[in-house]
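# Survey of secondary and tertiary structure
Residues per chain, in single letters:
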Amino acid sequence: TLDIRTIPAMISGDSATRHGVVLAKSVPAKAYKIVTGEPVANALRKCPTLMLVPPDHAMYQKKSHALMELLHTYTELSIDECFLDFTPIAHRYESPLAAAKIISANIKSRFGFTVNIGIAPNKLLAKMASDFTKPDRIHTLFPDEIAKKMWPLPVDELFFVGKTTAS
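Residues numbered from 1 in each chain as written. Predicted model: local features only at pLDDT ≥ 70, side-chain atom pairs only at ≥ 80, totals over all residues. Heavy atoms only, no water.

With the rule as written, the count across this model stands at six salt bridges. A salt bridge links D136 to K108; the shortest N-O distance between them is 2.5 Å. Taken together, the residues D136 in the loop between α5 (123-130) and β5 (138-140) and K108 in helix α4 (residues 96-111) connect sequence positions 28 residues apart. Since its relative accessible area comes to 38%, K108 is described here as partly exposed. When the shortest N-O distance is used, the salt bridge between E145 and K149 registers 3.0 Å. By relative accessible area, E145 is classed as buried at 17%. Using a relative accessible area of 26% as the deciding quantity, one classes K149 as partly exposed. (Salt bridge = Lys/Arg side-chain N within 4 Å of Asp/Glu carboxyl O. Helix = DSSP H or I, 4+ residues; strand = E, 2+ residues; numbered from the N terminus. Buried < 20%, exposed > 50% of the residue type's maximum accessible area, 1.4 Å probe, protein only.)

We now examine the packing of aromatic side chains. By the definition in use, this model includes two aromatic pairs. Seen from their ring centres, F86 and Y93 are 6.2 Å apart, and the 35° between their planes marks the pair as tilted. Judged by relative accessible area, F86 falls into the partly exposed class, the value being 24%. When the ring of F111 is compared with that of F113, the centres are 5.6 Å apart and the planes differ by 15°; the resulting orientation is stacked. F111 sits in the buried class, given a relative accessible area of 13%. (Phe/Tyr/Trp six-rings, centres within 6.5 Å; stacked < 30°, edge-to-face > 60°.)

The next point concerns the environment of E69. You can see E69 is positioned in helix α3 (residues 57-72). We classify E69 as partly exposed; its relative accessible area is 48%. Separated by 35 residues in the primary sequence, E69 and I34 place their C-alpha atoms 32 Å from one another.

With mixed pairing, three strands are arranged side by side in an open sheet as β2-β1-β3. Among the strands making up the open sheet, the edge pair consists of β2 (22-25) and β3 (51-53). Across the sheet, the mean angle from the axis of one strand to that of its neighbour is 30°, orientation sign disregarded. In this structure, strand β1 (residues 9-12) lies alongside β2, joined through three bridges in antiparallel fashion. Residue pairing for β2: I11 is matched across the bridge by A24. (Pairing = 2+ DSSP bridges. Axes fitted to C-alpha atoms, helices over the stretch in contact; angles between N-to-C directions.)

Shown next, in the form of structure tokens:
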């Protein structure tokens, strides 16, 4: 069976009508500058051979629920995203990075998919860190790393900065 993660592919709207938006894309699709949220028609102009796969909402909901249940076994988590507060469980691990490696490996072995993990002193920096390089990565963004890791970024890569704000 074809692994769509290895070819230019996206989870998106209807391929026949070319309607909808890109919900997710493979790493090879990123090479064509395809971005989440852009119209399907635009993505197809960038890569006419792009494979379109319809979303499987039931499977996504099932995996999402199972992932949240697993993460909740580690510590409390927020409902808006998978933000885990490491403070109450810090004594169980050598370091936040060691804990992240265990959690990431557990997710991969249990569910068969990868996650990016950002480690930082607050949610904003953790979200920024998790978006640095994908897929299947763990990044830190501590206060002493901000100048080195964030300042070189284009402003539109900052969390909550959209195209209008950036220009």
